[in-house]
Amino acid sequence: MTFAGRIADAAFGRKQLIVLIACVAMAIGVIAGLSAKKAIWEGWFTDRLFQIRAIMGGAQPSASAPVAVIGLDQTALDSDPLSPYPRVLMTPVLAETGQAILDSGAVALGFDFVFAYSADSFVYPETGEESLRGFDLPFQRFLFANRGRVFIAHTEVGVPHRRFTAAAGSGGVRSVIISTDSDGVVRSHTPQLPLAQSPYLIDALLGAARSSMSETYTAIPDARLSSSIPYLSMIDVLTMMESEEGREKLKEFARGRIILIGSLIPFEDEHLYSDRFLPVAAADQVETGQSGRPRVQAQTAGVFILADLVGAALTGRVALEPPTGLLWGLAIAFAIAGAFAGLMLPLMTLPLVAIGGIAAALGISLAGLEFGFLIAPGVAPVACIVAMVVAASGKVAVLQRKQRSLVRLFSHYLAPDVIRQMAHSEQLPELGGDTRTVVVAFIDIAGFTKMSDSLADGEVVKMVNTCFDEIGRVITAHHGYIDKYIGDAIMAVWNAPNTVANPEQAAVDASREIVGLLDDLRRKTGQSILDLRVALNAGPVLVGDIGGEFRRSFTVMGTTVNTASRIESVAKDKKVRLAFSQSVAQNLASTYPVKEIWSGQLRGLSKDISVFTLDIAEMYMEDDFSTKDKSKQQQPKLLKFPR
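Quick notes on the rules
- Residues numbered from 1 in each chain as written.
- Predicted model: local features only at pLDDT ≥ 70, side-chain atom pairs only at ≥ 80, totals over all residues.
- Heavy atoms only, no water.
- Core = buried A, V, L, I, M, F, W, Y, C linked by side-chain atoms within 4.5 Å.
- Buried < 20%, exposed > 50% of the residue type's maximum accessible area, 1.4 Å probe, protein only.
- Helix = DSSP H or I, 4+ residues; strand = E, 2+ residues; numbered from the N terminus.
- Contact = heavy atoms within 4.5 Å.
- Pairing = 2+ DSSP bridges.
- Axes fitted to C-alpha atoms, helices over the stretch in contact; angles between N-to-C directions.
- Expected span 1.5 Å × (residues − 1).
- Arc of directions from axis to C-beta.
- Phe/Tyr/Trp six-rings, centres within 6.5 Å; stacked < 30°, edge-to-face > 60°.
- Patch = residues over 30% accessible without salt bridge, like charges linked within 9 Å, V, L, I, M, F, W, Y side chains within 5 Å.
- Areas by Shrake-Rupley, 256 points an atom, 1.4 Å probe, with all protein chains shown as cover.
- Salt bridge = Lys/Arg side-chain N within 4 Å of Asp/Glu carboxyl O.

Would you mind showing me how to read the nonpolar core here?
In a soluble, globular protein the nonpolar side chains are often hidden away together inside. By size, the foremost hydrophobic cluster in this structure holds 43 residues, and its most contacted members are Trp494, Leu536, Phe580 and Leu614. The leading source of residues in this core is helix H17 (residues 457–477), at eight residues. Every residue in contact with Phe580, bar those within four places of it in the chain, is listed here: Leu536, Ile567, Ala585, Leu588, Val594, Ser610, Val611, Phe612, Thr613 and Leu614. Membership of the second largest hydrophobic core comes to 40 residues, among which are Phe139, Met234, Ile261 and Ile265.

Next comes the structure, spelled out in structure tokens:
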């Protein structure tokens, strides 16, 4: 198989891996996203959605709210009319208050109290006297007379006394148990149909108001409930009942509304509700009695929560479950985006992608609220982030590992930079190239022909490989690139395809170190006559892929290469181990002992050039001055180039 074919197969395999990783990442992302629905942390995001909506100017509290609260608060308990009464003995007051409210035009009345104790049952232990018999009779008569309009509460552990249960009738006792999400926060309610027969107080009040709500819904609060729901203290109601003007105000407050009466003593019957991050409503926006309202607590009173769940359903201030297909579509879309980001973007940008995914998901969920749907805010971002993490992990663990293996494998044949570019682009470079200034080196094993005549073929190969391996280490250490092996010679390049700051100096330093390997190479190969020649030339060359579609090679071409090859013959003639052109010499530091050893016109070239070496002993071959008359040789001139 040709080199191009192998690269094509590797690229095709990488594309298959990308598709596989993308599919796996998207599948895991979708599953994780959909499983995040109703996760324990999702409620926190839902409450933040309500907060953002309120900050952006969502619906504000209205005086036409269909539900209002009358509270047995601390102000009422401390007032002169009520302070003498223990709370279990307030049924006559509650009967009077409740009847006044119904007479004022209230649609229905719900008591968020469990009337578990009846004063009628009290007997003095010492005398057996039943002095309180008949005390609760007014309240019992009130319940009986207003069956279907008045409801009292029961809880999991508390039920009304049988006298009150009998008076209220089978439909007059309803549960005030409110369900919480997995994080312990109340947000939604599921009506049980028909509403008139539901065991829940919320449904009974909705039925009394002729509501058609039949699906699970999440109430969308506008502000803290304790500051936004129309409110009167119990003492305010009692005060209003004493004058004609007050009774008119009570009618304005109660007419057409559902009224809930409950305890507002701090830390009594309080719950976490989805209003806890919302702003406090302005006092002039909400109906409040003369006594004011209790201060806003960290948690929300149960009677306010009941009021909001009823009021939200009656006014359409609710969010329903979105269609199943919508969540699937969002999960798939965000998983695709996450997988794409994980595979295609740099790892350092992925945190920004995650933040963007969360912001986009919250934006979609916020828009969904305006259309009456609570799009689970955790589904989309979890799908995006999980798919992104899986895809990025796959890229690092599989694709980049395969790319590194490809670079490591083929760097023995091509420049690592070229391999990395091909692995990243998944295609072969264009034929041709760019012009760059480089230093070209030809490194030749001197006396190779003579040595090979006395060695077996296997020994010749072993000797050459030993020399090339050691020389190659030096070239690479000095940032050079081995272009090709030509028989017993190496062609190396500095400043292509990588960039070298001072290629002339790097090439000369590498050449000195290569010459310094001679003793070690002779010992390793067992060839005492082994020697080396290095020829260097600097200049412009064409750098790139040369060849055709079936066979190509990354190399450098041009007159600079040909000149370097000719300089090697000068080194041979002058019996020096290192020879280089003036274009190399003039870019060396003044500390380099540069000497001119030859000038003239090289074979095949049209211009005269000068050839130099370093005037140090190891650059001259051993027989240079030992076999000939030194007096007859032309002494080289020591040159200094302007720096």
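Picking up where we left off.
Quick question: what am I supposed to make of the sheet that holds strand E7 (residues 231–233) here?
Pairing between the strands of a sheet is mediated by backbone hydrogen bonds and can be parallel or antiparallel. In space, the six strands of this open sheet follow the order E4-E3-E2-E8-E1-E7, with parallel pairing throughout. Across the chains shown, the open sheet's two edge strands, defined by having one partner strand only, are strand E4 (173–175) and E7. Within this sheet the neighbouring strands show an average axis-to-axis angle of 25 degrees, counted without direction. Of the strand pairs in this sheet, strand E2 (residues 108–112) and strand E3 (residues 150–154) are connected by two bridges, and their pairing is parallel. Note that in E3 the partner of Leu109 across the bridge is Val150. Its contacts with the sheet place helix H4 (residues 91–103) against strand E1 (67–72), E2, E3 and strand E8 (258–263), and it is angled at close to 150 degrees to E2. The sheet strands contacting helix H11 (residues 302–315) are E1, E2, E7 and E8, and the helix crosses E8 at an angle near 165 degrees.

Before we go on, may I ask you to explain the side chain of Arg224 in this structure?
Following the sequence through the fold, Arg224 ends up in the loop between strand E6 (217–219) and helix H8 (225–228). Ignoring anything within four residues of it in the chain, the contact list for Arg224 reads Asp275, Arg276, Leu278, Pro279, Val280, Val296, Gln297, Ala298, Gln299 and Thr300.

Which parts of the structure should I look at to understand the environment of Phe135?
Along the chain, the position of Phe135 falls in the loop between E2 and helix H5 (137–145). Of the residues examined, Phe135 reaches a relative accessible area of 24% and is grouped as partly exposed. It is 8.2 Å that separates the C-alpha atoms of Phe135 and Thr91, two residues lying 44 residues apart in sequence. With residues up to four places along the chain from it excluded, the contact list for Phe135 reads Leu89, Thr91, Pro92, Ala119 and Asp120.

Quick question: what am I supposed to make of the sheet that holds E6 here?
Ordered in space as E5-E6-E11, the three strands form an open sheet in which the pairing is antiparallel. If you trace the sheet from one side to the other, it starts and ends with strand E5 (188–189) and strand E11 (318–320), each paired once. Here E6 pairs with E11 via three bridges, running antiparallel. Residue pairing in the sheet places Thr218 in a bridge with Ala319 of E11. In this fold H11 packs onto E5, E6 and E11, with an angle of close to 115 degrees to the strand it touches most, E6.

In this structure, what is going on with helix H20 (residues 559–574)? I would like to understand it.
For an α-helix the count is 3.6 residues per turn, leaving residues at separations of three or four pointing the same way. With 16 residues, H20 extends 23 Å between its outermost C-alpha atoms, agreeing within 8% with the 22 Å of an ideal straight helix rising 1.5 Å per residue. For H20, the set of buried residues is Thr560, Val561, Thr563, Ala564, Ile567, Glu568, Val570 and Ala571. End-on view of H20: buried residues confined to an arc of 160 degrees, all on one side of the axis. H20 presents Thr559, Lys572 and Asp573 as exposed residues on the side facing more than 90 degrees away from its buried surface. Where H20 terminates, the next one or two residues include Lys575, which has phi positive at roughly 55 degrees.

Help me understand the packing of aromatic side chains in this model?
The geometry of an aromatic ring pair is captured by two quantities: the separation of the ring centres and the angle between the planes. Inspection of the entire model under this criterion finds 13 aromatic pairs. Centroid distance Phe113 to Phe115: 6.0 Å. Interplanar angle 65 degrees. Geometry classified as edge-to-face. Phe115 gets classed as buried once you look at its relative accessible area, which sits at 8%. Judged by centre distance (6.0 Å) and plane angle (50 degrees), the rings of Tyr231 and Phe304 are tilted. Note that Tyr231 is positioned in strand E7 and Phe304 in helix H11, a separation of 73 residues in sequence. We classify Phe304 as buried; its relative accessible area is 2%. Through a chain of ring-to-ring contacts, three or more aromatic side chains come together here, namely Phe111, Phe113, Phe115, Phe139, Phe142 and Phe164.

What should I look at first to understand the environment of Ala166 in this one?
The residue Ala166 is located in helix H6 (residues 162–168) in this model. You can call Ala166 exposed: its relative accessible area is 52%.

Is there a simple way to explain a nonpolar patch on the surface in this structure?
A surface patch of nonpolar side chains, about 240 Å² in accessible area, is lined by Leu20, Val24 and Ile28. Among the secondary structure elements, Leu20 is positioned in helix H1 (residues 3–35).

Sorry if this is basic, but what is going on with the pairing of strand E13 (residues 480–486) here?
A regular strand places its side chains on the two faces of the sheet in alternate fashion. Note: E13 against strand E14 (residues 489–494), six bridges, orientation antiparallel. Counterpart to Ile482 in the pairing with E14 is Ala492. Once E13 ends, the chain turns through two residues before running back antiparallel as E14, passing Gly487 with a positive phi of about 60 degrees.

Explain the pattern of salt bridges to me, please; I cannot follow it from the model alone.
One side chain can pair with another of opposite charge once the charged atoms of both are near each other. Scanning all chains against the criterion turns up 26 salt bridges. When the shortest N-O distance is used, the salt bridge between Asp183 and Arg187 registers 2.7 Å. Owing to a relative accessible area of 2%, Arg187 belongs among the buried residues under this scheme. A salt bridge links Asp275 to Arg224, with the shortest nitrogen-to-oxygen separation between them at 3.3 Å. Linking Asp275 in the loop between strand E9 (270–271) and strand E10 (300–301) with Arg224 in the loop between E6 and H8, this pair joins segments that are 51 residues apart in sequence. In this structure, a network of salt bridges that share partners links the residues Asp47, Asp181, Asp183, Arg187 and Arg276.

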